[in-house]
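# A look at the structure
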Amino acid sequence: MFAAETTLTSPRIARLAKAVDAGDDQALDVFWKETAASGSPLMEQAGDDDTRTLVTFLWRDPGDTENVVVLFCSAPGGDFGEFRMEHLPGTDLWYRSYFLPSRLRTTYLYSVNNSMVPFASYAEVLQRLSEYRPDPLNPRDYTLMGNPHEFKVSVLELPQAPKQPWNLPRRGVPKGTSRMHTMDSTHLGTRHHITVHTPPGYSAEGDDYNVFVLFDGWSYYNFAAITTVLDNLLYAGGIPPYVLVMHTNEDQDVRARELPCHEPFGAFLDEELMPWVHANYHITTDPARTVVGGSCFGGLAAAYAAFRNPARFGNVISQSGSFWWPGKGVPEREEEWLTRQFENSPRLPLRFSMDIGSLERAIVDYDPMTTHQNMRDVLVEKGYEVDYQEYLGGHDMICWRGTIVERLLSFHPRPSKESNR
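Residues numbered from 1 in each chain as written. Predicted model: local features only at pLDDT ≥ 70, side-chain atom pairs only at ≥ 80, totals over all residues. Heavy atoms only, no water.

## Section: the overall build of the chain
- Helix and strand content of the chain: 11 helices and 16 strands.
- Its C-alpha atoms give the chain a radius of gyration of 23 Å, near enough to 22 Å, the size a compact globule of 421 residues would have.
- Taken over the C-alpha atoms alone, the chain extends approximately 80 × 55 × 45 Å along its principal axes.
- With 421 residues in all, the chain has 54% of them scored as buried.
- A fraction of 74% describes how many contacts in the chain between residues 6 or more apart in sequence connect residues 24 or more apart.
- Just so you have it, the chain exposes about 18,600 Å², and 49% of that area is on carbon and sulfur atoms.
- With 38 positive and 55 negative side-chain charges, the chain shows a spacing of 6 Å between the two charge centroids. (Helix = DSSP H or I, 4+ residues; strand = E, 2+ residues; numbered from the N terminus. Rg over C-alpha atoms; globule rule 2.2 N^0.38 Å. Buried < 20%, exposed > 50% of the residue type's maximum accessible area, 1.4 Å probe, protein only. Contact = heavy atoms within 4.5 Å. Areas by Shrake-Rupley, 256 points an atom, 1.4 Å probe, with all protein chains shown as cover. Lys, Arg positive; Asp, Glu negative; His and termini not counted. Charge placed at Lys NZ, Arg CZ, Asp CG, Glu CD.)

Below, the structure written as structure tokens:
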């Protein structure tokens, strides 16, 4: 995936190794003080080539380190050797260097004293998440929603990573209002957290509002600043006013059960959530002005919701949608089940805006990229309008927070100069 030859060494690490070999007792302390000031990982330019950056991940041994594995973009699908750090003899430093595209933005974790046993399934990848930890030398991290097992990931943002200006508050931009609610579902027997964001100047009178239903709302609210995105886009004239409905499952176990093409969850949307939103907010009933979206299982759930009820949801945003679901060896449903449903059904009045990270490679029995492309191809062949993008990055909210802007704007293209003549 990336250049990580054993001969690839950071110039800074090489200078440190030379100083240690020469008996410089202060060199290691100086190195760690520099790292504390600048943060990890190290980033160095490779000569005149500014399209790649030499990135060196660092670990300071507390005294019991046997190995360290760097996990970024996706978990290793086989041998961990490509991701295993090297130990600098005579020091407490472990490191691993890679040439990475200078436009890369992603997150990563460390696995310390890894068993080095390859994953047997994607389910095992998830089971072993609790063994991983963020980089303690990197001050940039964020906490993923992972009840009952919350954990943090470290952020890696290289010098030329695409800007994400729409996620930042802007002076003079009016702000909408967000209100939190809880809803107990009769269909599901579970509690749901609903946050509704109304645009600046919202009124229950006059024209009704476009509506955007977004799954994994907690993550989009906290890490994608989605309400700020909508406020900024509205002020800039990129989108009409939207009422944003952010849905969050009670915990990760419930999410994994309810979001993937779950019929009772579809009934919850149609008979509980959306009627409640209509009763309490001045929103449209027009599916052409209604967007449903999400990432991972949320992207799959969005496509399923629209397939199940195109009279309610006419536009689908899927960010790295889990179209591989339910995976191999599930007797009740065939692989890529939802893709097969679209393939074997008449074309529906739906539009799609989809993206996925170009670094989302296969992990054992789980192939996000191929199955995502399969879904796109089926939709195009059936005649659906599909906006599609592969961004440089992994399966990551740190990327989705930027590309969600392009996904939403794809439903509101600005007229060309020719069309205005």
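## Re the packing of aromatic side chains
- Inspection of every chain in the model, using the stated rule, returns 24 aromatic pairs.
- Pairing Phe212 with Tyr242 gives two aromatic rings, centres 6.4 Å apart and planes at 65 degrees, and the pair type is edge-to-face. One end of the pair, Phe212, is in strand S11 (residues 210–215); the other, Tyr242, is in strand S12 (residues 242–249), and 30 residues separate them in sequence.
- An angle of 40 degrees between the planes, with centres 6.0 Å apart, marks the rings of Phe297 and Trp324 as tilted. (Phe/Tyr/Trp six-rings, centres within 6.5 Å; stacked < 30°, edge-to-face > 60°.)

## Quick word on the sheet that holds strand S8 (residues 151–157)
- Strands sit in the order S3-S6-S8-S7 across an open sheet of four strands; the sheet is antiparallel. At either margin of the open sheet sits one strand with a lone partner, and together these are strand S3 (68–72) and strand S7 (141–144). Looking at each pair of strands side by side, their axes are set apart by 40 degrees on average, direction ignored.
- Helix H11 (residues 397–409) rests against strand S6 (105–112), S7 and S8 of the sheet, and its axis sits at about 170 degrees to S6. (Pairing = 2+ DSSP bridges. Axes fitted to C-alpha atoms, helices over the stretch in contact; angles between N-to-C directions.)

## Concerning the sheet that holds strand S9 (residues 177–184)
- One open sheet holds the eight strands; their spatial order is S9-S10-S12-S11-S13-S14-S15-S16, and the pairing between them is mixed. Both outer strands of the open sheet, S9 and strand S16 (385–391), are each paired with one neighbouring strand and no more. Within the sheet, the average angular offset between the axes of one strand and its neighbour, ignoring direction, is 15 degrees.
- Sheet analysis places strand S15 (residues 351–357) next to S16, joined by seven bridges and oriented parallel. Following the sheet pairing, Met354 is matched in S16 by Tyr388.
- Along the sheet, helix H5 (residues 226–235) contacts S9, strand S10 (191–198), S11 and S12; its crossing angle with S12, the most-contacted strand, is approximately 170 degrees.
- Here helix H7 (residues 263–280) sits on the sheet in contact with S9, S10, S11 and S12, set at roughly 130 degrees to S9.

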